[in-house]
Amino acid sequence: MIQAILVFNNHGKPRLVRFYQRFPEEIQQQIVRETFHLVLKRDDNICNFLEGGSLIGGSDYKLIYRHYATLYFVFCVDSSESELGILDLIQVFVETLDKCFENVCELDLIFHMDKVHYILQEVVMGGMVLETNMNEIVAQIEAQNKLEKSEGGLSAAPARAVSAVKSINLPEMPRNINIGDLNIKVPNLSQFV
Amino acid sequence: MALKMVKGSIDRMFDKNLQDLVRGIRNHKEDEAKYISQCIDEIKQELKQDNIAVKANAVCKLTYLQMLGYDISWAAFNIIEVMSASKFTFKRIGYLAASQCFHEGTDVIMLTTNQIRKDLSSPSQYDTGVALTGLSCFVTPDLARDLANDIMTLMSHTKPYIRKKAVLIMYKVFLKYPESLRPAFPRLKEKLEDPDPGVQSAAVNVICELARRNPKNYLSLAPLFFKLMTSSTNNWVLIKIIKLFGALTPLEPRLGKKLIEPLTNLIHSTSAMSLLYECVNTVIAVLISLSSGMPNHSASIQLCVQKLRILIEDSDQNLKYLGLLAMSKILRTHPKSVQAHKDLVLQCLDDKDESIRLRALDLLYGMVSKKNLMEIVKKLMTHVDKAEGTTYRDELLTKIIDICSQSNYQHITNFEWYISILVELTRLEGTRHGHLIAAQMLDVAIRVKAIRRFAVSQMSALLDSAHLVASSTQRNGICEVLYAAAWICGEFSEHLQEPQQTLEAMLRPKVTTLPGHIQAVYVQNVVKLYAAILQQKEQAADVQAAQEVTQLLVERLPQFVQSADLEVQERASCILQLVKHVQKLQAKDVPVAEEVSALFAGELNPVAPKAQKKVPVPEGLDLDAWINEPLSDSESEDEKPKAIFQDEEQRHAKQRPPEADEQELARRREARKQEQANNPFYIKSSPSPQKRYQDAPGVDHIPVVQIDLSVPLKVPGMPMSDQYVKLEEERRHQQRLEKDKRKKKRRERERRGTRRHSSLHTESDEDIAPAQRVDIVTEEMPENALPSDEDDKDPNDPYRALDIDLDKPLADSEKLPVQKHRNTETPKSPEKEDIPVMEKKSKKPKKKEKKHKEKEREKKKRKEAEKGEDLDFWLSTTLPAVAPAPEEPRVNAVAAAPEEGLEEPRGEVQDADEDKQQEPEKKPSKEKKKKHKKDKEERTKDKKKSKKKTPPREGVAEPMENGALDEDPLPPMSSYCLLAENSYIKMTYDVQGSLQKDSQVTVSVVLENQSSSFLKSMELNVLDSLNARLARPEGSSVHDGVPVPFQLPPGISNEAQFVFTIQSIVMAQKLKGTLSFIAKNDEGSTHEKLDFKLHFTCTSYLVTTPCYSDAFAKLLESGDLSMSSIKVDGISMSFQNLLAKICFHHRFSVVERVDSCASMYSRSIQGHHICLLVKKGEKSVSVDGKCSDPTLLSNLLEEMKETLAKC
């Protein structure tokens, strides 16, 4: 079972917080902060598994994370999940984001948190892995987007939002931070998907 | 209205959407909180609007704010409004918000039930999908109960997208509503073979998750999973299955044997690291479970270790980490194979990655031996010094202690070294584990008698330099060691070199800054020291010195009397008074030392931590009974003192005898010795050396302390453990030399008596003799202690509720609650359940349920035997190396299965049954057993065949399931009918057959006491006929009755079961019988009788057996069956209920139903197939039957006619 999925940036700002077990909001924030500090300390070239993290679960739980450009993707899982499998799942999730947003960058996650959630929902449901086949995931997302479009969408003036995003003033965040380097080497896992 | 709409949409133009909100927050870096509270106000306004789009937008923004840590539960109701929007766009926003913030405590959640149900049955798959996803996050026990049935229906949805979600969410439903597990399980199992890989994967996922918590209930699925493992190519699924097998093998070693080969094949063939790793893991689990008895797996171990070494040496840190993790599992059972890679592990200790270092530490635990312990600990100590960050250092500390103390200090050859290590560890700054060190010090000092002298010297040094420890204390736990130090110095004060100096150290003013519980120990042990000093001085006749010591105490103790800590204060003032009294006596030149010492006479023995819990409650003692009647409420103030002693070590809680005169003491000591001698759990090498009170000859009893003189008795200042390492090396070298010498001179062999083990061993680990003769006292356990370890289980474990036996057939009372009636499904599936049967039963009164339980138990017994057999069957087959066609092994096995393999577990099952079953019910002869076995084999084959041909038919099932019929509910039905009744007793009965016993039926008779008398000595007798006979206990004649195994108090009912042997079942028959009993009341007792007629209908020989439509069709085609039919007119009941009635009263199951026509099936205990075609016309029903025995069929139809006529 997956206990929680957290996405935050290099400064610890949450970009996606998904718990599969109830925690009050303040504890959630605490967990995010704690996890961020645990992960931050670690170099990029050491292992992607992390024990401890006093807030979630007990000794049965592990944090499995990947670091892409400005973002950390952290999954908190118990021993029923395969560690390497989850690493691969993170990769699938990020690649799916990349496909759905066309060259995903942190800004996409910032402004479309809801969409990121919808994508995640097709990958993991209630803490259990739902689908690992990326084509299937993307197909379902697109079908739902189409359905939404046919209903007229949420925003009556989508153009406004788009232009607004484009002209946004971003003090600390360089534009087009591309998560780009998606071909991060996952040893021998490539045929996994 | 229209105007309002227009206004609404104009307003919307100015509403912020999610993007605006995010941008706004980013632009208000300085006053973010203020800006957000402004936004929340706006959102509140928006939520008040009627326009659902506005609301959805607002809820969307709230979801974002929730991520930032804002509580949005106040908007729960609005979220529900958005969830119920008709547009998917809005609905999905609502469900997302709900999934983020709803939980069991959300009160409005119950309002969602109907909405969710509606969405689940929505024609749009995405509406359903979004509802399932949302529900998976916030399902509550109530929702789970109410929606379980709807979700179960979705498991057979036409769209795989919905099926996989429905399957997955069932796990959550099971967790919240465990009762749903059994009814839903057959379908879940079916989904393991779903054509869609996603659905299959989901089902594997759920079952693995279930099985992980309660593996034994899923053992019977092993063959199915095995098949999946050898056929699936989906690595996700494979990993899950392989992990599951890892959990199952410990329960069934034979499974392991079967697995090894395919797993090793996978290890060799796969290129996916993740799969390889899980395979290795499971092989390890298998090897662990096989470790006893199966010698020939060294090749597999070698393979695993080899593969792991490759992982550990890989440059990828992740693989290195996992390699170490798996290695530690092998270590537990095959330490030798891992120890060969010690170099690698030690290398990993220096890795820059903390996770890897921690894993390597774990491995070290199993790698130590007498030989290398010192070396390894030395290495760890250097790491302790280097370590940055307290967590890692603390981890090191606990590991050092773990390693040294494992299996009763097995690897320690020199305890002085160990004490020095402990003392060195006290110099760690900022560790949280002071109490651990303290506990070790105490444990070693108490249990290793030879070390006490050394320990005391070290502890007094520690007390002397307490300021060093305490100075950096308040923040951390290291001062805990002072607790141990003080106690050791006090308790074993006879070993102190300079007790006076230690006494002074313990009375320093600085001590009062220590935590209370430590001060308390100080105070207590000060007196012990004082007693020792007094004795010493008085023996030396140094009155002056003795009085000085007393004076010192009188001066210093008041600082403790003023302590804020109650415990310290109380002890101090008590002791102060005592000392003052002693002072007075001393002034009169009375010798007091003896009496003061008497306060602390006697030895404290270590008590095992669980000893208290394990003291069995003596017979006849009721712990809940009042000793005195409770007093009135006014006096309710006796709560406080409890807590004070709780933190203390158990040893301290032990009471010491108050001042008692010599004789009394001696007597008690004698008594205790006596008791110890008789106590088998009191293990001691020698009679206990009494402390001060020991008179001269007692010295001999102290185990000879053979301290090697090459070790200095007192290491000046803080000890250096390193010195010991060197010394130890020298010592060992010496020993080896000596030994060599001795080998040459055999005559000197006797001298080696100091050795614990005489030299049977070769030059190995065992050969290193300990430096001291170690006398490790075992911890005491109470007499009759139960060896169980049940107390380790957590009673609050949520997964315990899911510990449910899934193999026993569904009882009628078990079903998912349904909101409305549904049509029967085509039982294409291998489900045991039978929906029409179930539907009516749920409404039955409680009494009925109880009876069902009985029946169920009965069924369970049979089923268990069956299950055991099936699995055995599979397991005992030797598997061809290549993935086999699923049928083959079975067929082979029929011929090849070894008899023993089958016999053994059967015996177990029967054993287990014997408790439950007092009736002389089944004593099957061997021949019969075999016959059944064959029967069963044939049946399994049958089933297999039919299963194979079953194409997925969701399309057909679908419209029927959804076609809801709002019909009158059936009145409660009972299969029990009246047997006989009089003023005393009422008897109802039911007859049940079993497929396992072709000539036996069980009659369950419910006896209800209707009188105010007490009924006892009940006995049931029946006049046997040629065809039917009552099974009586062995040795009794045909005229004897069978006693009822219980008595009946007034108003109570209970059920008794009687077994009858039947020859022919094609005819119904009646047996005359009598129940005799004694009725006892206030006036006396009378002998009573009740006659009855037991009616065995043909129906009672039927057993509800599900049948698949294809098998059914085949049966009809075969042409071996004769036909007969009936027609009943004037029936008003709905077809649905009619079928239900037939199912219930005549034990049929519905095979297929189309409109007002249904085919039904049942089977007799002697294997007759009975097929029915039931058609309903206007006010009439016709039943066409086919059966292999025409007489049976016509009789059955007659009985059915009777039932139908009542409808």
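Residues numbered from 1 in each chain as written. Chains lettered and ligands numbered in written order. Predicted model: local features only at pLDDT ≥ 70, side-chain atom pairs only at ≥ 80, totals over all residues. Heavy atoms only, no water.

**Brief notes about the overall build of chain B**
Then comes step 1: When helices and strands are counted, chain B shows 47 helices and 15 strands.
Then comes step 2: Look at the contacts in chain B between residues 6 or more apart in sequence, and 72% of them connect residues 24 or more apart.
Then comes step 3: Entry remark: accessible area of chain B is about 56,300 Å², with carbon and sulfur atoms responsible for 51%. (Helix = DSSP H or I, 4+ residues; strand = E, 2+ residues; numbered from the N terminus. Contact = heavy atoms within 4.5 Å. Areas by Shrake-Rupley, 256 points an atom, 1.4 Å probe, with all protein chains shown as cover.)

**Considerations on the interface of chain A and chain B**
Then comes step 1: If you look at the interface, chain A gives 75 residues, while chain B gives 77 residues.
Then comes step 2: For the pair chain A and chain B, the summed buried area comes to about 7,000 Å², and 55% of that belongs to carbon and sulfur atoms.
Then comes step 3: Counting the contacts that link chain A with chain B gives 8 salt bridges.
Then comes step 4: With a shortest N-O distance of 3.4 Å, A:Arg42 and B:Asp353 are connected by a salt bridge.
Then comes step 5: Connecting chain A to chain B are 32 residue pairs in polar contact (both at pLDDT 80 or more). (Buried area = accessible area lost by both parts, 1.4 Å probe. Salt bridge = Lys/Arg side-chain N within 4 Å of Asp/Glu carboxyl O. Polar contact = N/O pair within 3.5 Å; in protein donor to acceptor, adjacent residues only side chain to side chain.)

**With respect to the confidence of the model for chain B**
Residue and element names in this part refer to chain B.
Then comes step 1: Confidence in the prediction of chain B, expressed as mean pLDDT, is 75, and 72% of residues score 70 or more.
Then comes step 2: Mean pLDDT values over the elements of chain B span from 39, in helix 44 (residues 954-962), up to 94, in helix 10 (residues 160-176).
Then comes step 3: Note that pLDDT drops below 50 for residues 635-660; the model gives that stretch 33 contacts with residues more than four away or on any other chain.
Then comes step 4: Here residues 940-968 scores under 50 on pLDDT; set against residues more than four positions off or in separate chains, the count is 41 contacts.
Then comes step 5: Taken together, the chains of this predicted complex give a pTM of 0.56 and an interface ipTM of 0.86. (pLDDT = per-residue confidence, 0-100.)

**Brief notes about the pattern of salt bridges**
Then comes step 1: Applying the stated criterion across every chain yields a total of 39 salt bridges over all chains.
Then comes step 2: One salt bridge in this structure joins A:Glu81 and B:Lys240, with 3.4 Å as the shortest N-O distance. Taken together, the positions of A:Glu81 in the loop between strand 5 (71-77) and helix 2 (83-101) and B:Lys240 in helix 14 (residues 235-248) put the pair across two chains.
Then comes step 3: The exposure class assigned to B:Lys240 is buried, which follows from its relative accessible area of 8%.
Then comes step 4: Members of the salt-bridge network, linked through shared partners, are A:Asp78, B:Glu209, B:Arg212 and B:Arg213. (Buried < 20%, exposed > 50% of the residue type's maximum accessible area, 1.4 Å probe, protein only.)

**Points about the sheet that holds strand 9 (residues 1084-1096) of chain B**
Residue and element names in this part refer to chain B.
Then comes step 1: Strand order in the open sheet made by the 4 strands is 6-4-8-9, with antiparallel pairing throughout. Single-partner strands in this sheet number two, and they are strand 6 (1042-1043) and strand 9.
Then comes step 2: Sheet topology places strand 8 (residues 1069-1081) next to strand 9; 13 bridges connect them, and they run antiparallel. Bridging from a neighbouring strand, Leu-1075 pairs with Leu-1090 of strand 9. (Pairing = 2+ DSSP bridges.)

**Considering the pairing of strand 1 (residues 2-9) of chain A**
Residue and element names in this part refer to chain A.
Then comes step 1: Of all 8 residues making up strand 1, 8 are buried, and the element is well covered by its neighbours.
Then comes step 2: Looking at chain direction, strand 1 and strand 5 are connected through 7 bridges and run antiparallel. Pairing of Val-7 across the sheet is with Phe-73, part of strand 5.
Then comes step 3: One ladder, built from 5 bridges, connects strand 1 with strand 2 (residues 14-19); its direction is antiparallel. Following the sheet pairing, Ala-4 is matched in strand 2 by Phe-19.
Then comes step 4: In this antiparallel pair of consecutive strands, strand 1 and strand 2, the connection spans 4 residues, and Gly-12 shows a positive phi of 85 degrees.

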